[in-house]
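Structural description and commentary
Each chain is listed here by its residues.
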Amino acid sequence: MLKIANFRDLDKAYAEFKPRMALRTEADHKSFAKRELLICGGTGCQSSNSLILLEVLKKEIKAAGLEDQVTAHITGCFGFCEKGPIVKVFPDDVFYVEVGVDDAAEIVESHLKNNTIITRLLYKDPAQGNKPIASHHEMDFYKKQMRVALCNCGLINPEEIEEYIAAGGYQALALCLEKKKPQDVVQEMKISGLRGRGGGGFPTGIKWEVAAAQPGPVKYMVCNADEGDPGAFMDRSILEGDPHSIIEGMAIAAYAIGSDRGFVYIRAEYPLAIQRLQRAVDQSREAGLLGKNIFGSGFSFDLELKYGAGAFVCGEETALLRSIEGGRGEPTSKPPFPAQSGLWGKPTIINNVETLANVPQILRRGGAWFASFGSEKSKGTKVFALAGKINNVGLVEVPMGISLKDIIYEIGGGIKNGKKFKAVQTGGPSGGCIPAAELDINIDYDNLIAAGSMMGSGGMIVMDEDNCMVDIAKFYLDFTMEESCGKCTPCRIGNKRIHEILTNITEGRGSLEDLEKLKNLAEVIKDTALCGLGQTAPNPVLSTMKHFWDEYVAHVVDKRCPARVCTHLLDYFITDSCVGCGLCKRGCPVSCITGNKKEVHVIDNALCIKCGSCISKCPTKSIVRQ
Amino acid sequence: MAEDNCQCGESGFKKLAEYIRQFPDKKTALIKVLYEAQHIFGFLSKDVMLFVADKLDVPAAKISGVVSFYSYFTTTPKGRTQIKCCMGTACFVRGAEKIISRFEEKLNIKRGETGADLEYSLDSLRCVGACGLAPVVLVNDQVFGKLEAADVDTILANNQG
Ligand SMILES: Cc1cc2nc3c(=O)[nH]c(=O)nc-3n(C[C@H](O)[C@H](O)[C@H](O)COP(=O)(O)O)c2cc1C
Ligand code: SF4
Ligand code: SF4
Ligand code: SF4
Ligand code: FES
């Protein structure tokens, strides 16, 4: 069993495990005498049967008598979720996409036995005339990326501590405990310029400095793994793909502020992340990297998982603390800030998962190294979750300051099905949308705020011409209204009122005055709500009104939904392909369809209640909405 | 003593008591204990909540306050097949509404409801983190992705068989 009692033990373990990485990281292994297959074992790929694929691959490898030459195991998310499951072959550096269980035999026979790459399973780049690409380094999706927080995802097996150590893990913690005073650690973090990745963008070094300065022996270190923004999944991928980096980051933070106890607040909806993190905690504790007297340095730290139970507001730090204490997760007003008075009234720092994943890298390579990337006021790299109507859905990590256009069109591969780009929503339910005219914006904290949106956790939801922006705004209000804790009136009543007005607009009962009302209400709520949830809830409405005013006007004046989404504003027609079967007529709840058997039927739109029943009944798909 | 409705044969209450014993700090363990209790019993009945109140030495009123606050917890039994449609943003912009409506229509229950025969329950949830597969549906926690309305019929047909 692995035991690390002092700094020398870590050096020894590193020397012992490092050769594991040779095939994966060193370029000069072209003899192919040995090979390694890495298969994504993240939530996304697992649901496309990647674990079964792994088992079948192992069986085929054994059957082919290649057991001594080839190993296969899981790794964390490669980021290219759109084309999962992904299998990466080392040292060849070949990247297979959309690999099915049926493909296992061919991979073993053709690639592993006969050294012939299977072109069929390679990624075909549409931008290069569908040319098959073997190495991910040649793919546009990866070319502009730079992985810091995600550096081990897709490289190591997250279920084994030996792999993390082989990749240099726990060396940053050792360095801090052996050579740095807590204030030196804080100083290094300040030099790095790292800002919190959980949404607010508060400088991490300064947060730690405040907590470190508080008197008293009891302080807490909390990791916020609640990842509430629907459509963002970077924290999940880090927890699943590199859980030890979070433990190491938390231990370093605890050392810097003088804490010996930590909590990870993790959402119950992420069972795989919980399982991987718990396993990593158990391994670290067993090895002596958590617990009393770590590395024999005199520093002690241990941590515990706490579950979030499906309340978005618990991602807000004060609510999160109440939830860890075992109560209802209702926010409290600030000040006092948690760094002064947090868990059970003791100084507490709360950092996001991605923030913490950067910490070991920063301490190993230096704050100045991290600060050499990114923009003037937003240093380093940031992970973005690309989702929605974009070709390459997935996780990307890029230097701050990159243009939105590069993210959407080069890395993201443009819009799905050749449709027209309409907007991208950043910052989740607290954020706003950025329209086509502002695609040149360089992404960082301050530029996004200037554009009327915000960074949030880094979710980017791409919308095309088929999305209705009023409907999207209503979707977000639906979310915040449901998630409001109800403690303060502006949020509880105000956001509900906004939602009502938006519903009226999408159902054809809106007026121009409603648009004025929306603006006024939004301003009042922003100024008076107690916590970030309520304060930012009107942002999606304000920002869609600002950029898509015409679309709102079309809804309230012309009673028309230009994107043809709002069903109440559409008319139903039966086209000539109707065979007159009468099924629609029988199912119509208001009997507004007429027509004789075997003749084209007709819908009376004055009576139609737009229930959509006829469309789903029609065997010939003859009914259309316009 | 309350009726023991654990489906696994072994006494659910015994299992739960066993689980609770590992926590030195009982009061802060409440959410984890409720989470475990829901896994054992499928839902949090009044009896289960009273049992937890007793074991953790917290007022029953506090427990019901916590249970009602968190959407993960349910106080009514769920169907044998639990269908959860992701209504997170990524799934929403890729047509999740059509999927859940199709389920409503086929199962003849609304979202949030359980059929009277306890065969199916239909819920919406927010982002399971598989946004790359949007729109996503969980059927008894198995993930189905990249769905179209027609796939709903297939899922239900396969589930019957
Ligand atoms: C309504 C609301 C929800 C939030 N949800 C999250 C979340 O899910 N994850 C997160 O890390 N931060 C979330 N935050 C931000 C946290 O309050 C806090 O600022 C953050 O965890 C601090 O960590 P950082 O400095 O490393 O970013 C949320 C804030 C608000 C107002
Ligand atoms: S703003 Fe909303 S979520 Fe925040 S405290 Fe008020 S009611 Fe609760
Ligand atoms: S949408 Fe509903 S009300 Fe309108 S014609 Fe079809 S079935 Fe009848
Ligand atoms: S169901 Fe379709 S084919 Fe049949 S009468 Fe109606 S429109 Fe015509
Ligand atoms: S929004 Fe549905 S899985 Fe993320």
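Definitions and limits used
- Residues numbered from 1 in each chain as written.
- Chains lettered and ligands numbered in written order.
- Predicted model: local features only at pLDDT ≥ 70, side-chain atom pairs only at ≥ 80, totals over all residues.
- Heavy atoms only, no water.
- Buried < 20%, exposed > 50% of the residue type's maximum accessible area, 1.4 Å probe, protein only.
- Helix = DSSP H or I, 4+ residues; strand = E, 2+ residues; numbered from the N terminus.
- Pairing = 2+ DSSP bridges.
- Near = heavy atom within 4 Å.
- Polar contact = N/O pair within 3.5 Å; in protein donor to acceptor, adjacent residues only side chain to side chain.
- Areas by Shrake-Rupley, 256 points an atom, 1.4 Å probe, with all protein chains shown as cover.
- Nonpolar A, V, L, I, M, F, W, Y, C, P; charged D, E, K, R; others polar.
- Contact = heavy atoms within 4.5 Å.
- Axes fitted to C-alpha atoms, helices over the stretch in contact; angles between N-to-C directions.
- Domains from an automatic or database assignment.

**A word on the pairing of strand β14 (residues 421–426) of chain A**
It is a general feature of regular strands that their side chains alternate between the two faces of the sheet. Residue and element names in this part refer to chain A. In terms of residue burial, β14 counts as a mostly covered element, since 6 of its 6 residues are buried. By the bridge criterion, 5 bridges tie β14 to strand β16 (residues 459–464) in an arrangement that is antiparallel. Within β16, the position partnered with Phe421 by the bridge is Asp464. Two strands pair when backbone bridges link them, and β14 and strand β15 (residues 432–435) are joined in this way by 4 bridges, in the antiparallel orientation.

**A word on the site of ligand 1**
Residue and element names in this part refer to chain A. Around ligand 1 sit 18 residues, and of these Gly198, Lys207, Gly228, Asn352 and Thr355 come closest. Lys207 has a polar side-chain atom sitting 2.8 Å from an oxygen atom of ligand 1. One of the backbone nitrogen or oxygen atoms of Ile350 is found 3.4 Å away from an oxygen atom of ligand 1. Protein contact buries 86% of the 610 Å² of open area that ligand 1 shows by itself. Contributions of two or more residues to the shell around ligand 1 are made by β11 (348–352) and α22 (532–536). Partitioning the shell around ligand 1 into residue classes produces 3 nonpolar, 9 polar and 6 charged.

**Looking at the site of ligand 4**
All residues adjacent to ligand 4 are A:Ile574, A:Cys578, A:Val579, A:Gly580, A:Cys581, A:Gly582, A:Cys584, A:His601, A:Cys618, A:Pro619, A:Thr620 and A:Ile623. When grouped by side-chain class, the residues that make up the shell around ligand 4 number 8 nonpolar, 4 polar and no charged.

**Some thoughts on the environment of A:Pro562**
Residues and elements named next belong to chain A. Here Pro562 shows up in the loop between α24 (549–556) and β17 (572–574). For the pair Pro562 and Gln626, spaced 64 residues apart in sequence, the C-alpha to C-alpha distance is 9.6 Å. The contact partners of Pro562, leaving out residues within four places of it in the chain, are Glu551, Ala554 and His555.

**Remarks on the sheet that holds strand β3 (residues 87–90) of chain A**
Residue and element names in this part refer to chain A. Strand order across the open sheet formed by 4 strands is β2-β1-β3-β4, with mixed pairing between neighbours. In the strand order of this sheet, the two ends are held by β2 (70–75) and β4 (94–96), each with one partner. In this sheet, neighbouring strand axes are inclined to one another by 20° on average, regardless of whether the strands run parallel or antiparallel. Here β3 pairs with β4 via 3 bridges, running antiparallel. When the bridges of β4 are listed, Lys88 appears paired with Phe95.

**Comments concerning the domain arrangement of chain B**
How large an interface is tends to be reported as the accessible area lost when its parts come together. What the domain assignment reports for chain B is domain 1 (10–69) and domain 2 (81–158). Inter-centroid distance (C-alpha atoms) of domain 1 of chain B to domain 2 of chain B is 29 Å.

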